[in-house]
Amino acid sequence: MSELQGGPGALFAIGGAEDKLKKRTVLQEFVEAAGGSKARIVVVPTASALGPDVIDVYRALFAALGAESVVGVRPENREDADDPAFIAPLNDATGIFMTGGNQLKLAGVVTGTAFGRAVTAAHARGAAVGGTSAGASILAEHMIAFGRSGATPRQRMSQLSGGLGLVQGAIVDQHFAQRNRYGRLLSLVAQSPGLLGIGVDEDTAAVVRGSHLEVVGRGAVTIFDGTRITSNAHNAKRSEPILASGVVLHVLPATATFDLQNRVLLSYGPQPPATEIAEMAAAEADLRRLAKEIAAEGVSPRYYAERKRRAGRRTKAAAAAGESRPEATEPYVRPTQPAGADADLPDRMQPEQ
């Protein structure tokens, strides 16, 4: 895509900690959606506590990925957000990118202001609008302002504020698996079953085009559908656990496409090559066998790692000398030591505490 086409642009809800050094898959996808070599990107670091450095980082990244121009615009309060000087750069943007940081500050400055309306208008005319971390949450109609981590949904676990409403009928959470935010997102779905809960892992993007969500990046997007939920959220007290029964769970890796309107999986990419599957199965079998040995003997896993390294060195030496391959699982016999000598053994030889 070299120029803006008719209709709304793509939305990028990025789970934070996107790769900035190696493949940069998520950021590359955003630049392409914003126009590729003709992309004119505005970076909005309002949520960030960092200074001009955050703009410099994204300016360098997007320029390296081929964007034509990158500028930073940072309204710090609602007065700034109604100032035409802050809004003007958005009118020519093909991409708008909001950084991470304080979610409540971002919502308090942007939503309901001329700046927020300009972001919405840019998206409507075809600009790609994205954000990482806090910048991802604000894309939804209802935005998580803050909350606690944990796997169990509890009453009063999080606080909502108004978002931009670009993603309708959903709540977006980020750093999802890495910060264990299953409970807080599920608690919000239990309280508002009409909303989809969308949790995005780090270095991963939920890319929304129309009513379709596609997953890009190395993690997954988790979706909670509470259409048929049974819950006690209406009478759970204080921070009590919330009943959430009948929730439909979707865990979507890269290439998976989901219909947000009908709440169904549409497609997913090809499986890994057969050789890669076989290697993963062999590795899993080795780990299971090792786990059984560790459980049976109560010996530190560090000891087994060292033993495998020694066996590998013996194998190479034997091959060079034309000898037969030694058995890697040969039982280890602890040398006879005087009483109390365990304390002098290397860490890898000590029983696990």
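Relevant structure appears above.
Residues numbered from 1 in each chain as written. Predicted model: local features only at pLDDT ≥ 70, side-chain atom pairs only at ≥ 80, totals over all residues. Heavy atoms only, no water.

Enquirer: Is there a simple way to explain the overall build of the protein chain in this structure?
Expert: From N to C terminus, the protein chain includes ten helices and 17 strands. Expressed as a percentage of the 353 residues in the protein chain, the buried residues total 46%. The long-range share in the protein chain, meaning contacts at least 24 apart out of those at least 6 apart in sequence, stands at 71%. (Helix = DSSP H or I, 4+ residues; strand = E, 2+ residues; numbered from the N terminus. Buried < 20%, exposed > 50% of the residue type's maximum accessible area, 1.4 Å probe, protein only. Contact = heavy atoms within 4.5 Å.)

Enquirer: Where do I start with the packing of aromatic side chains in this structure?
Expert: The geometry of an aromatic ring pair is captured by two quantities: the separation of the ring centres and the angle between the planes. One pass over the full model with this rule turns up eight aromatic pairs. For the pair Phe176 and Tyr182, a centre-to-centre distance of 4.6 Å together with 55 degrees between the ring planes defines the contact as tilted. What makes Phe176 buried here is its relative accessible area of 0%. Judged by centre distance (6.3 Å) and plane angle (65 degrees), the rings of Phe176 and Phe224 are edge-to-face. (Phe/Tyr/Trp six-rings, centres within 6.5 Å; stacked < 30°, edge-to-face > 60°.)

Enquirer: How should I be thinking about the pairing of strand 17 (residues 264-267) in this particular structure?
Expert: Along any regular strand, the residues point their side chains to alternate faces of the sheet. Across three bridges, strand 16 (residues 257-259) lies against strand 17 in antiparallel orientation. When the bridges of strand 17 are listed, Phe258 appears paired with Leu265. In sequence, strand 16 turns back onto strand 17 through a hairpin of four residues, with Arg263 there showing a positive phi of about 60 degrees. (Pairing = 2+ DSSP bridges.)

Enquirer: When you look at the sheet that holds strand 10 (residues 204-209) in this model, what are you seeing that I'm missing?
Expert: Strand-to-strand pairing in sheets goes through backbone hydrogen bonds, with the strands running parallel or antiparallel. Here nine strands make up an open sheet; going across it, the order is 3-2-4-5-1-10-11-16-17 and the pairing mixed. Each of the sheet's edge strands pairs with one partner strand only, and the pair in question is strand 3 (69-72) and strand 17. Here the average twist between neighbouring strands, direction ignored, is 20 degrees. As defined by bridge partners, strand 2 (residues 40-44) adjoins strand 3 across four bridges and the pair is classed as parallel. Along strand 3, the bridge assignment pairs Val42 with Val71. (Axes fitted to C-alpha atoms, helices over the stretch in contact; angles between N-to-C directions.)

Enquirer: Quick question: what am I supposed to make of the environment of Phe258 here?
Expert: Following the sequence through the fold, Phe258 ends up in strand 16. Phe258 sits 46 residues away from His212 along the chain, and the two C-alpha atoms are 5.7 Å apart. The residues touching Phe258, leaving out its near neighbours within four places in the chain, are Leu196, Ser211, His212, Leu213, Ile223, His250, Leu252, Arg263, Val264, Leu265 and Leu266.

Enquirer: What's the story with the pattern of salt bridges in this structure? I'm lost.
Expert: A side chain with one charge can pair with a side chain of the opposite charge if their charged atoms come near. For the coordinates displayed, the defined rule picks out nine salt bridges. Of the charged contacts in the structure, one is a salt bridge between Arg59 and Asp56, with a shortest N-O distance of 2.9 Å. On the criterion of helical spacing, the pair formed by Arg59 and Asp56 is a turn pair, its members being three residues apart in helix 2 (residues 53-64). On the basis of relative accessible area, Arg59 is assigned to the partly exposed category, the value being 33%. Of the charged contacts in the structure, one is a salt bridge between Glu76 and Lys105, with a shortest N-O distance of 2.7 Å. One end of the pair, Glu76, is in the loop between strand 3 and helix 3 (78-81); the other, Lys105, is in helix 5 (residues 103-110), with 29 residues separating them in the sequence. (Salt bridge = Lys/Arg side-chain N within 4 Å of Asp/Glu carboxyl O.)

Enquirer: What is the right way to read the sheet that holds strand 9 (residues 196-200) from this model?
Expert: In space, the six strands of this open sheet follow the order 7-6-8-9-12-15, with mixed pairing throughout. On the outer flanks of this sheet lie strand 7 (158-162) and strand 15 (248-253), each paired with one strand and no other. On average, each strand axis in the sheet is inclined to that of its neighbour by 25 degrees, with strand direction left out of account.

Enquirer: I tried to follow unusual backbone geometry on my own but got confused; where do I start?
Expert: Glycine aside, the phi torsion of most residues is negative, and most peptide linkages are trans. A positive phi is found at Arg156, a non-glycine position, where the angle reads about 60 degrees. Structurally, Arg156 can be placed in the loop between strand 6 (140-147) and strand 7. On the basis of relative accessibility, which here comes to 62%, the residue Arg156 falls in the exposed class. In the Ramachandran plot, Asn180 falls in the positive-phi region, its phi being about 50 degrees despite a non-glycine side chain. When its relative accessible area of 31% is taken as the criterion, Asn180 is described as partly exposed.

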